[in-house]
Amino acid sequence: AQVLVGWLATSDVQEQFYLELKHALSDLGKLARNPVLELLEHEEGGVRKLACEILGEVGGKESYEKLKKLANDDSSLKVREKAREALTKIEQRREQ
C-alpha cells in the first residue's frame, strides 16, 4: 500500500494512472487506510481529493475525524466536497 500511495502523491502522474491507483488502494481496504490518511495533508488539492475518495471506500473511525476537519477547513472547495462525501459513505457503512 505504501508504494501505491507514494505514486499517488507524485504530481506528474497522469489522471488515468491516478484512477487506477485509487481503485487498487480501495481494493486493499484496511491495509490502505493509514498510508492514505497521510495524503490528507499533501500540498496538492488533487491528491487530497483522491485520498478522500479512497477513504470514502475504506475509511473507518480513524479516518472520520481527519475527514471532518478537511470538510470544514480545507482551502479547496473540491476537497471539502469529497471529504463530505467520504464522511457520508463512512456513516452509511456504520448504520448497516
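One can find the structure itself at the top, above this paragraph.
Values in this document were obtained by computation on a predicted structure and should not be read as measured data.

(A) Structural detail: the overall build of the protein chain. The helix and strand tally for the protein chain stands at six helices and zero strands. Shown N-terminal to C-terminal, the secondary structure of the protein chain runs as helices and strands in the order α-α-α-α-α-α. In the protein chain, which comprises 96 residues, the proportion classed as buried is 44%. Taking the intrachain contacts of the protein chain between residues at least 6 apart in sequence as the baseline, contacts between residues at least 24 apart amount to 60%.

(B) Region of the structure containing the nonpolar core. In terms of nonpolar packing, the biggest core is built from 20 residues, with Val36, Leu40, Cys52, Leu55, Leu67, Leu70 and Ala83 touching the most fellow members. Contributions of two or more residues to this core are made by helix H3 (30-39), helix H4 (45-58), helix H5 (61-73) and helix H6 (77-95). Element by element, the count of residues in this core is highest for H4, at six residues.

(C) Focus on the packing of H4 against H6. In contact at an axis separation of 8 Å, H4 and H6 are set at 10° when each is read in the N-to-C sense. Compared by their axis directions, H4 and H6 come out roughly parallel. Residues Gly45, Arg48, Lys49, Cys52, Glu53, Leu55, Gly56, Glu57 and Val58 of H4 lie in contact with H6, whose contacting residues are Lys78, Val79, Lys82, Ala83, Ala86, Lys89, Ile90 and Arg93. Looking at the contact of H4 with H6 residue by residue, the class counts come to seven nonpolar, two polar and eight charged.

(D) Up close: the side chain of Arg48. Tracing the backbone through its elements, the reader meets Arg48 in helix H4. Only 2.8 Å separates the side chain of Arg48 from the backbone oxygen of His42, close enough to count as a polar contact. With residues up to four places along the chain from it excluded, the contact list for Arg48 reads Leu39, Leu40, His42, Glu43, Asp74, Ser75, Ser76 and Val79.

(E) Spatial organisation of the pattern of salt bridges. As enumerated under the stated definition, the model contains five salt bridges in all. Between Glu53 and Lys82 there is a salt bridge, and its shortest N-O distance comes to 3.7 Å. One end of the pair, Glu53, is in helix H4; the other, Lys82, is in helix H6, and 29 residues separate them in sequence. Lys82 sits in the partly exposed class, given a relative accessible area of 22%.

About the cut-offs
- Residues numbered from 1 in each chain as written.
- Predicted model: local features only at pLDDT ≥ 70, side-chain atom pairs only at ≥ 80, totals over all residues.
- Heavy atoms only, no water.
- Helix = DSSP H or I, 4+ residues; strand = E, 2+ residues; numbered from the N terminus.
- Buried < 20%, exposed > 50% of the residue type's maximum accessible area, 1.4 Å probe, protein only.
- Contact = heavy atoms within 4.5 Å.
- Core = buried A, V, L, I, M, F, W, Y, C linked by side-chain atoms within 4.5 Å.
- Axes fitted to C-alpha atoms, helices over the stretch in contact; angles between N-to-C directions.
- Parallel < 35°, antiparallel > 145°, perpendicular 65-115°, else oblique.
- Nonpolar A, V, L, I, M, F, W, Y, C, P; charged D, E, K, R; others polar.
- Polar contact = N/O pair within 3.5 Å; in protein donor to acceptor, adjacent residues only side chain to side chain.
- Salt bridge = Lys/Arg side-chain N within 4 Å of Asp/Glu carboxyl O.

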